[in-house]
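# A structural walkthrough
Spelled out from the first residue to the last, the chains are:
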Amino acid sequence: MSEKPAIAFLGLGHMGGPMAVNLVRAGYPVAGYDVVPAALEAAAAHGVATVSDPLDAVARAGVVLTMFPSGRHVLDAYRGVEGKPGLLEAAAPGTMFLDCSTINVDEAREAAALAVGAGHRSVDAPVSGGVVGAEAGTLTFMVGAEAEDFESVRPILEAMGKRVVHCGGHSAGQAAKICNNLILGVSMIAVSEAFVLGEKLGLTHQSLFDVASAASGQCWALTTNCPVPGPVPTSPANRDYRPGFAGALMAKDLRLALNALQSTGVAARLGPLASEIYDTFAAEGGADRDFSGIITDIRAKSQNDGSPA
Ligand code: NAD
């Protein structure tokens with residue numbers, strides 16, 4: 001692959017829009033496309049050359065980068081729907097299909113098999129870091145790829161992120177992403193339950209934080225994204241749970257983790273429960289709040305008797 005291949009960037013939403021801007025800034029020839037006209041206009045206003053015909057852009061590209069809401073969107077776009085040709089058919093042989101969406105592990109395997117079967121190359125590279133990281137170019141990429149393909153996309157990913165980790169072959173990036181978010185989702189619930197229990201037992205937030213952050217309860221959910229205001233001034237709890245990482249996205253990622261737990265037969269109990277808890281949180285008003293707002297649900301649903309005076 002030449003040093004700066006032409007990139008067809010499809011999916012210019014909250015994440016894709018600023019990611020495409022960072023590729024343009026790094027000197028990549030980017031042709032951007034989204035099915036939503038407002039997303040196209042926003043990207044164009046930030047200097048991305050947009051196109052009206054994605055298949056034409058794909059035919060001219062060395063790399064097809066997708067940043068879609070779900071695996072269904074990725075597979076439909078790759079294959080084409082309603083008799084229309086898909087991206088795989090439109091692309092020149094040997095094109096790199098680089099999917100940065102967060103999707104099911106099974107769907108990532110299927111997407112890779114379809115791409116490779118059509119004579120192309122395939123990399124899954126989901127991200128963490130949110131919209132702030134996408135804008136600042138500080139995302140973390142978790143990559144599933146053959147070694148040679150990883151090396152060829154690494155400079156592209158480094159133009160959009162600060163950390164790029166090769167996790168293994170096809171779908172390993174998605175696997176790493178959902179395993180990490182399974183830990184995160186469960187640990188935030190545990191930290192939140194501990195703070196509400198501490199409140200009932202008369203502990204101040206600061207004293208519990210001072211002990212747990214320096215003891216075996218230490219974790220990211222506590223020390224970086226602390227669900228109560230005060231101990232960590234930058235955590236979303238200090239700004240009424242403005243995200244951060246929105247409840248809807250945590251609910252989505254835990255559904256993906258749940259699917260993987262079920263399809264692999266893992267004897268998991270906390271993962272399925274956490275998935276249910278965040279689904280309820282998102283459905284009851286938490287979709288657009290930071291996922292650490294789960295503590296307000298736990299507090300609201302707790303019995304009032306037994307609290308210290
Ligand atoms: P989004 O809904 O804002 O953007 C997705 C875009 O894809 C939309 O603009 C949609 O119109 C477009 N799209 C869908 N099908 C298309 C097609 N066939 N052709 C062209 N465009 C198409 O979502 P987002 O927040 O940007 O997230 C994108 C992905 O990144 C998701 O998989 C999400 O789980 C993941 N992610 C998001 C965040 C975050 O903080 N938002 C963080 C980490 C990972």
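All of the points below concern the structure found in this document. (Residues numbered from 1 in each chain as written. Predicted model: local features only at pLDDT ≥ 70, side-chain atom pairs only at ≥ 80, totals over all residues. Heavy atoms only, no water.)

## Focus: the overall build of the protein
Tallying secondary structure elements over the protein gives 14 helices and nine strands in all. In summary, the protein has a C-alpha radius of gyration of 21 Å against a globular reference of 19 Å for 309 residues, a match within 12%. Counting only C-alpha atoms, the protein reaches 70 × 45 × 35 Å along its principal axes. Within the protein, contacts between residues at least 6 apart in sequence are counted, and of these 65% link residues at least 24 apart. Of the roughly 14,200 Å² of accessible surface on the protein, a fraction of 57% belongs to carbon and sulfur atoms. With 21 positive and 31 negative side-chain charges, the protein shows a separation of 3 Å between the mean positions of the two kinds. (Helix = DSSP H or I, 4+ residues; strand = E, 2+ residues; numbered from the N terminus. Rg over C-alpha atoms; globule rule 2.2 N^0.38 Å. Contact = heavy atoms within 4.5 Å. Areas by Shrake-Rupley, 256 points an atom, 1.4 Å probe, with all protein chains shown as cover. Lys, Arg positive; Asp, Glu negative; His and termini not counted. Charge placed at Lys NZ, Arg CZ, Asp CG, Glu CD.)

## Describing unusual backbone geometry
A cis amide bond links Pro-243 with the next residue in sequence, Gly-244, at an omega value of 10°. Mapped onto the fold, Gly-244 is located in the loop between helix H11 (220-223) and helix H12 (247-264).

## As for the site of the ligand
Looking at the ligand, there are 20 residues lining it, with His-14, Met-15, Asp-34, Phe-68 and Lys-252 nearest. Protein coverage of the free-state accessible area of the ligand, which is 830 Å², stands at 84%. (Near = heavy atom within 4 Å.)

## Brief notes about the packing of helix H9 (residues 172-200) against H12
The interhelical angle for the contact between H9 and H12, taken along N-to-C directions, is 115°, at an axis separation of 9 Å. Judged by the inter-axis angle, H9 sits roughly perpendicular to H12. The two elements H9 and H12 meet at a crossing, and its hand is left-handed. From H9, Lys-177, Ile-178, Asn-181, Leu-182, Leu-184 and Gly-185 reach across to H12, where they touch Met-250, Asp-253, Leu-254, Leu-256, Ala-257, Ala-260 and Leu-261. Within the contact of H9 with H12, the residues separate by chemical class into nine nonpolar, two polar and two charged. (Axes fitted to C-alpha atoms, helices over the stretch in contact; angles between N-to-C directions. Parallel < 35°, antiparallel > 145°, perpendicular 65-115°, else oblique. Left-handed = near helix turned anticlockwise from the far one by under 90°. Nonpolar A, V, L, I, M, F, W, Y, C, P; charged D, E, K, R; others polar.)

## Quick look at the packing of aromatic side chains
The tally for this structure, following the rule as stated, stands at four aromatic pairs. With a centroid separation of 5.1 Å and an interplanar angle of 70°, the aromatic rings of Tyr-78 and Phe-97 are classed as edge-to-face. Highlighted residues: Tyr-78 in helix H4 (residues 71-79) and Phe-97 in strand S5 (residues 96-99), separated in sequence by 19 residues. The same class applies to Tyr-78 as to Phe-97, namely buried. For the pair Tyr-278 and Phe-281, a centre-to-centre distance of 6.5 Å together with 80° between the ring planes defines the contact as edge-to-face. Here the residue Tyr-278 and the residue Phe-281 both occupy positions in helix H13 (residues 270-286), the gap between them amounting to three residues, near one helical turn. Here a set of aromatic residues connected by ring pairs shows up, and it is made of Phe-245, Tyr-278, Phe-281 and Phe-291. The ring centre of Tyr-28 lies 5.2 Å from the NZ or CZ of Lys-4, which sits over that ring. (Phe/Tyr/Trp six-rings, centres within 6.5 Å; stacked < 30°, edge-to-face > 60°. Buried < 20%, exposed > 50% of the residue type's maximum accessible area, 1.4 Å probe, protein only. Lys NZ or Arg CZ within 6 Å of the ring centre and 35° of its normal.)

## Section: the pairing of strand S6 (residues 121-124)
Where S5 lies against S6, four bridges are found, and the strand directions are parallel. Bridged to Met-96 within S6 is Arg-121. (Pairing = 2+ DSSP bridges.)

## A short note on the environment of Gln-303
Relative to the helices and strands, Gln-303 resides in the segment after helix H14 (294-301). We classify Gln-303 as exposed; its relative accessible area is 58%.

## As for helix H2 (residues 37-45)
Residues spaced three or four apart along an α-helix face the same direction, because each turn holds 3.6 residues. Every buried residue of H2 is listed here: Ala-39, Leu-40 and Ala-43. Buried residues of H2, viewed axially, fall in a sector of 100°; they line one side. Facing away from the buried surface of H2 by more than 90 degrees, the exposed residues are Pro-37, Glu-41 and Ala-45. Where H2 is buried, its residues touch strand S2 (30-33) and strand S3 (49-50). Looking one or two residues beyond H2, the residue adopting positive phi is Gly-47, at roughly 95°. (Arc of directions from axis to C-beta.)

Limitation: the analysis is restricted to geometry and does not speak to function.
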